[in-house]
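Coordinate analysis (summary)
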Amino acid sequence: MNCPMESHDPEMLVAYAAGQLDQEAVAAFEEHLSGCPECSATAADQMAVWQALDVWETPSVSPDFNRRLYHRIETEMRLSWWERLTRPFHPLVLRRILPLTATAALLLMAGLILERPAAVAPATKGAEAVRAEQVERTLEDLELLRQFSAARPGNNEHRDAM
Amino acid sequence: MGPRVNKDMGVVAAALDYDAELMLRVKDGDGASFALLLEKHRAPVIHFVYRLVQEQAVAEELAQEVFLRVYRSRSSYEPTAKFTTWLFRIATHLALNWLRDEKHERMQERLDDGPPDFPAREVSDRRPSVEDQLMYQARLAEVRRAVAGLPEKQRAAVLMHKYEEMDYVQIAKVLGCSESAVKSLLFRAYETLRARLAHMGRI
């Protein structure tokens, strides 16, 4: 027989280790293995992997698995036609669409807030008047603060020292 | 030319798909047939999903969804493929989607923390010693890590091939790829596993 490794047909090796070859094929392959060190080593390793995978047992199934399933089926049977129709989209809505919509809404709000000065631009005269008043008031406040701090005794000493 | 597989496997594959018949009865409103299908396939589906996602609670939750989908689809069911092919296609789809959502890192973290779903095990007819248990846990952790390290399609293919004893044709149908693609997937997967696990079999 052709060498599976040379003919790039390693399926034989896998099937041999898995015990899926019939007796005739096993005999032919083992005859080949006796004269082919490469296939022999790979087959031994494949058998070792097969045995290693046997280690992996699975936990037993929960005793209430069926009860939970039938409960879900019964609940589903009671759903309205609209709930049944939209049900497949619920996980999608919760996981993907809802966060995306929320992000888009936030971005939109941020955009609107940032764009607001431009949007109220036509009302320039009124706005300028308000701004001038605010500046005037702030300057008055600053002057009051300056006078207040100048009147404090500590500050007088400091001024005298200078 | 592929290897000549055991003739019994071919006979089984060619046999009438009794499961599909049961599903057709479910379609006609026979709840008892659904119970039979559930009883027969519950464990294989849960075990397959468990080995894919490596978390028992998640595996059972996903398996519930698999059977729920089977039940939901009863009215539109047509036996165009083997029942188990259809069943495992749903299971694989749900499990791989879960893995993609959860990301592999989280699973790797859990594996590094040690197996939480360690099954009780008896060695031969005596109680396993502490040493036996520790040895078994170490080997199991190594196997789980090696399988979890495979790309998801290779992982699914190996699990179906090794534990569900599916042939290449059925695996190809479940994964929605060609038979030659499955052979290639399996060869690459076993090549990786040989590099990681071959030393275990020689112990």
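Our structure's up above, just so we're on the same page.
Remember, predicted model here, so these are calculated numbers, not experimental data. Numbering of residues starts from 1 in every chain and runs along the sequence as written. Lettering of chains starts at A and numbering of ligands starts at 1, both following the order in which they are written. The predicted nature of this model means local features are confined to residues of pLDDT at least 70 and side-chain atom pairs, given and counted, to a pLDDT of 80 or more, with totals for whole chains, interfaces and linings taken over all residues.

Examining the nonpolar core
Take the buried Ala, Val, Leu, Ile, Met, Phe, Trp, Tyr and Cys residues, join any whose C-beta atoms are within 7 Å, and the set you get is a nonpolar core. For every residue, the other C-beta atoms within 10 Å of its own C-beta are counted; 20 or more classify it as buried, 12 or fewer as exposed, and values in between as partly exposed. C-beta atoms are placed from the backbone. By size, the foremost hydrophobic cluster in this structure holds 63 residues, and its most contacted members are B:Val49, B:Ala157 and B:Ile171. Dropping the residues within four chain positions of it, B:Ile171 is found in contact with B:Ala157, B:Met160, B:His161, B:Met166 and B:Val182. Contact definition: two residues whose C-beta atoms, as placed from backbone geometry, lie within 7 Å.

Section: the interface of chain A and chain B
Facing 31 residues of chain A, the contacting portion of chain B comprises 38 residues. For helices the rule is a DSSP run of H or I covering at least 4 residues; for strands it is a run of E covering at least 2, with both sets numbered from the N terminus onward. Looking at the side of chain A that touches chain B, the elements that each hand over two or more residues are α1 (11–17), α2 (23–35), α3 (37–54) and α4 (65–77) of chain A. Residue contributions to the side of chain A that touches chain B peak at 8 residues, all from α3(A). Any residue that is not Ala, Val, Leu, Ile, Met, Phe, Trp, Tyr, Cys, Pro, Asp, Glu, Lys or Arg is counted as polar, Gly included; the first ten are nonpolar and the last four charged. Partitioned by chemical class, the residues of the side of chain A that touches chain B number 18 nonpolar, 6 polar and 7 charged.

Quick notes on unusual backbone geometry
Residue and element names in this part refer to chain B. The backbone phi angle of Gln54 is positive, close to 60 degrees, even though this residue is not glycine. Mapped onto the secondary structure, Gln54 falls in the loop between α3 (31–53) and α4 (56–72). Even without being a glycine, Glu165 presents a positive backbone phi close to 55 degrees. Checked against the element boundaries, Glu165 lands in the loop between α8 (152–162) and α9 (168–175).

Side note on the packing of α3(B) against helix α5 (residues 83–102) of chain B
Residue and element names in this part refer to chain B. Following both chains from N to C, one finds α3 and α5 inclined at 30 degrees, their axes separated by 10 Å at the closest point. Considered as vectors, α3 and α5 are oriented roughly parallel to each other. Helix-helix and strand crossings are classified by hand; for α3 and α5 the assignment is right-handed. Where α3 abuts α5, its residues His41, Val45, Phe48, Val49, Leu52 and Val53 lie against Leu87, Phe88, Ala91, Ala95, Trp98 and Leu99. Along the lines of polarity and charge, the residues of the contact of α3 with α5 split into 11 nonpolar, 1 polar and no charged. Fitted lines through C-alpha atoms serve as axes, helices being fitted only where they are in contact, and the angles separating the N-to-C directions of these axes extend from 0 to 180 degrees. By definition in this entry, angles of less than 35 degrees are roughly parallel, angles greater than 145 are roughly antiparallel, angles of 65 to 115 are roughly perpendicular, and the rest are oblique. A crossing counts as left-handed when the near helix is turned anticlockwise from the far one by less than a right angle, and as right-handed when that turn is clockwise.

Some thoughts on the packing of helix α2 (residues 18–27) of chain B against α3(B)
A pair of packed helices can be characterised by two numbers: the angle between their axes and the separation between those axes. Residue and element names in this part refer to chain B. For the pair α2 and α3, the least separation of the axes is 7 Å and the interaxial angle reads 145 degrees. For α2 against α3, the interelement crossing comes out left-handed. Contacts between α2 and α3 pair Asp19, Leu22, Met23, Arg25 and Val26 from the former with Ser33, Phe34, Leu36 and Leu37 from the latter. Each residue belonging to the contact of α2 with α3 can be placed in one class, and the counts come to 6 nonpolar, 1 polar and 2 charged.

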